[in-house]
Amino acid sequence: MAYTETTTTGYFQRLGSSFSGMGLGIVLFIVGSGLLWWNEGNFVATRNALNEAQGLSMELASVDQVDPAADGKLVHAVGNAVTQDLLIDSIFGVSVQGIQLKRKVEFYQWTERSSTQKRQKLGGGEETVTTYTYEQAWQAEPVNSQNFKDPQARTAHVNTTALTVQNETFKATNVTFGAYRLPDFLISSISGAQPLNVQLTQEQKNGLNQQIRNQHAAAARQQGGGMWSAAQGGYGYGATDMVHEQGNVVYVGAAPNAPQIGDVRITFTYVQPAKQISVLAQVNGNTFRPFKTKNGKTVSALSMGVKSMDEMYEAKHTSNSMLTWVLRFAGAALVIAGLKVLFAPLSVLASVVPILGRIVGAGAGLVSSLLGGAWSLLVLSLAWLRFRPMIGGIMLAIAVVLVSLLMLRGKGDRKSTRLNSSHGRRSR
């Protein structure tokens, strides 16, 4: 059943909030403008760093032996990442020889969804209607049902957890790359996880079941009863078989095919102990470190499989360009959002008549978008003049030509209008 919450905000309260929010609008405008400027400089600095690094990079023909001549050099190398480390999840007793072991945890919980509608009232007030609905779903974290908006849902939809456990990633610390040793920052970049089939011993299952019973007993004492009630979706803490294996999933609950509130599923994946990789990094004895360029940027990369030096640098340039475009849009969005906040009092002032408030609000939104877009382009142009003078100069020249043509066109239209007007008077 849905729960509805209605709140009313008076005209002067809305007006005061809109004026007090103008400070936030100024902050958003400044942050967005600063992000646009910084982003262009960062793009150029990163591009220059990559070009510098690529010009200095050398091929490391083989990683089978440590090459003293390559020490301190930025190299490209291809080989196998290998480890003998045994990774152990002590909670579940799962172990595997690999580069990475990952435990992903999900909880079956009651969740709250909300949808909001706002209606402006005659006189400038505003009514906000929020509807809350509740459903069962798998969640990455336990949900505190005592924070539900509906008071009845707090008792009818109580969340429990059969087992309290968190996500965790276990990484090998000793990973070799031929005769070299990979540092942690490169180990963390190794991907290609695959499912790890889990086989728990009966002793491990008994230990987990006991842990579940202990947790339920403690929770039941807090609830003042001997066991979780069926209405709460829990189980009697005397249950003896709550742990089930399904491939790479350990399921904690009475019935894996019929999840109940409080059930937990844990998914295990791992990265095999031998993976072919390509590396860009500076040799540091028998290991590697990021290469520091003249402008202070660092360059390093790890790709799965065999990748040439040119392919790896091309990927780095592509990533730099993509990040730059994402931040351009983000900066422009912040500028526009800031202007909308600054213009918000106009729509509130006009909202004494609801339809007039909506018209002014739409107009303010359009003006904010146009001004924000124009300002963002201006900041980009100035940044290009600073960081990329040639491109910035060309763009500025094009803009001047376009503006000049528009001005000439306008003068021509006005002149034509005057001539037509004069001809009309002579005709009369």
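Residues numbered from 1 in each chain as written. Predicted model: local features only at pLDDT ≥ 70, side-chain atom pairs only at ≥ 80, totals over all residues. Heavy atoms only, no water.

What follows covers the overall build of the chain. Of the regular secondary structure elements, the chain holds eight helices and 19 strands. Counting every position in the chain, which comprises 428 residues, the buried fraction comes to 38%. Taking as baseline every contact in the chain between residues at least 6 positions apart, the subset at least 24 positions apart corresponds to 73%. For the chain, the accessible area works out to roughly 23,500 Å², and carbon and sulfur atoms hold 58% of it. (Helix = DSSP H or I, 4+ residues; strand = E, 2+ residues; numbered from the N terminus. Buried < 20%, exposed > 50% of the residue type's maximum accessible area, 1.4 Å probe, protein only. Contact = heavy atoms within 4.5 Å. Areas by Shrake-Rupley, 256 points an atom, 1.4 Å probe, with all protein chains shown as cover.)

So, about the layout of surface pockets. Counted as a void, the largest pocket has a volume near 220 Å³. Looking at the largest pocket, the residues that line it are Asn42, Thr46, Ala49, Leu50, Lys297, Thr298, Val299, Ala315, Lys316, Ser319, Asn320 and Leu323. Secondary structure elements with two or more residues in the lining of the largest pocket: helix H2 (22-56), strand S18 (298-299) and helix H6 (309-350). Here the element with the most residues in the lining of the largest pocket is H6; it accounts for five residues. A breakdown of the residues in the lining of the largest pocket according to their chemical character gives five nonpolar, five polar and two charged. (1 Å grid on protein atoms, 1.4 Å probe; cavity = no way out; pocket = protein on both sides within 12 Å on 5 of 7 lines; lining within 4 Å. Points joined across faces, edges and corners; volume = space filled by probe spheres on them. Nonpolar A, V, L, I, M, F, W, Y, C, P; charged D, E, K, R; others polar.)

The next point concerns the pattern of salt bridges. As enumerated under the stated definition, the model contains eight salt bridges in all. Among the ionic pairs, Glu135 bridges to Arg113, the shortest N-O distance being 3.6 Å. Linking Glu135 in strand S7 (residues 126-139) with Arg113 in strand S6 (residues 100-120), this pair joins segments that are 22 residues apart in sequence. Assessed through its relative accessible area of 35%, Arg113 is described here as partly exposed. Of the charged contacts, one joins Lys171 and Asp184 as a salt bridge, the two residues approaching to 3.3 Å between their closest N and O atoms. A residue pair is termed long-range when its members are at least 10 positions apart, and Lys171 in strand S8 (residues 168-171) and Asp184 in helix H4 (residues 184-187) qualify at 13 residues. Among the charged side chains, a network of salt bridges with common partners joins Asp89, Arg103 and Glu168. (Salt bridge = Lys/Arg side-chain N within 4 Å of Asp/Glu carboxyl O.)

Following the criterion strictly, the structure yields ten aromatic pairs and no others. Among the aromatic residues, those joined into a cluster by ring pairs are Tyr108, Trp138 and Tyr251. Lying across the ring of Trp138, Arg265 places its NZ or CZ 4.2 Å from the centre. One residue, Arg328, lies across the ring of Trp325, its end atom 4.4 Å from the ring centre. (Phe/Tyr/Trp six-rings, centres within 6.5 Å; stacked < 30°, edge-to-face > 60°. Lys NZ or Arg CZ within 6 Å of the ring centre and 35° of its normal.)

Turning our attention to the packing of H6 against helix H7 (residues 354-387). Across the interface, H6 lies against H7 with an axial gap of 7 Å and an inter-helix angle of 150 degrees. By the criterion of interaxial angle, the relationship of H6 to H7 is roughly antiparallel. Judged by the sense of rotation from one axis to the other, the crossing of H6 with H7 is right-handed. Among the residues making up the contact of H6 with H7, the classes are represented as 15 nonpolar, nine polar and two charged. (Axes fitted to C-alpha atoms, helices over the stretch in contact; angles between N-to-C directions. Parallel < 35°, antiparallel > 145°, perpendicular 65-115°, else oblique. Left-handed = near helix turned anticlockwise from the far one by under 90°.)

With that out of the way, let us pick up the packing of H2 against H6. The geometry of H2 relative to H6 is characterised by a closest axis approach of 7 Å and an angle of 170 degrees between their N-to-C directions. Taken together, the axes of H2 and H6 are roughly antiparallel relative to one another. Regarding H2 and H6, the two cross each other, and that crossing is left-handed. Looking at the contact of H2 with H6 residue by residue, the class counts come to 23 nonpolar, 13 polar and five charged.

What follows deals with the environment of Gln282. Along the chain, the position of Gln282 falls in strand S15 (residues 274-284). Along the chain, Gln282 and Ala70 lie 212 residues apart, while their C-alpha atoms are 8.7 Å from each other. Sequence-distant contacts of Gln282, that is, excluding residues within four places in its chain, are made with Gly72, Lys73, Leu74, Thr287, Phe288, Arg289, Pro290 and Phe291. Separated by 2.9 Å, the side chain of Gln282 and the backbone oxygen of Gly72 make a polar contact. (Polar contact = N/O pair within 3.5 Å; in protein donor to acceptor, adjacent residues only side chain to side chain.)

Looking now at the confidence of the model for the chain. For the chain, per-residue confidence averages 86 on the pLDDT scale, and 87% of positions sit at 70 or higher. Long-range and interchain partners of residues 225-239, a stretch whose pLDDT sits below 50, account for 37 contacts in this model, where long-range means more than four residues apart. (pLDDT = per-residue confidence, 0-100.)

Right, let's get into the pairing of S6. Direction of pairing for S6 relative to S8: antiparallel, over a ladder of four bridges. Bridge pairing in S8 links Lys102 to Thr169. Bridge count between S6 and strand S14 (residues 264-271): eight bridges; the pairing is antiparallel. Across the sheet, the residue bridging to Phe107 is Val264, located in S14. One ladder, built from 14 bridges, connects S6 with S7; its direction is antiparallel. Within S7, the residue paired with Arg119 across the bridge is Glu127. In textbook terms, the turn of a hairpin is the stretch between consecutive antiparallel strands, and for S6 and S7 this stretch comprises five residues, one of which, Gly123, has a positive phi near 105 degrees. (Pairing = 2+ DSSP bridges.)

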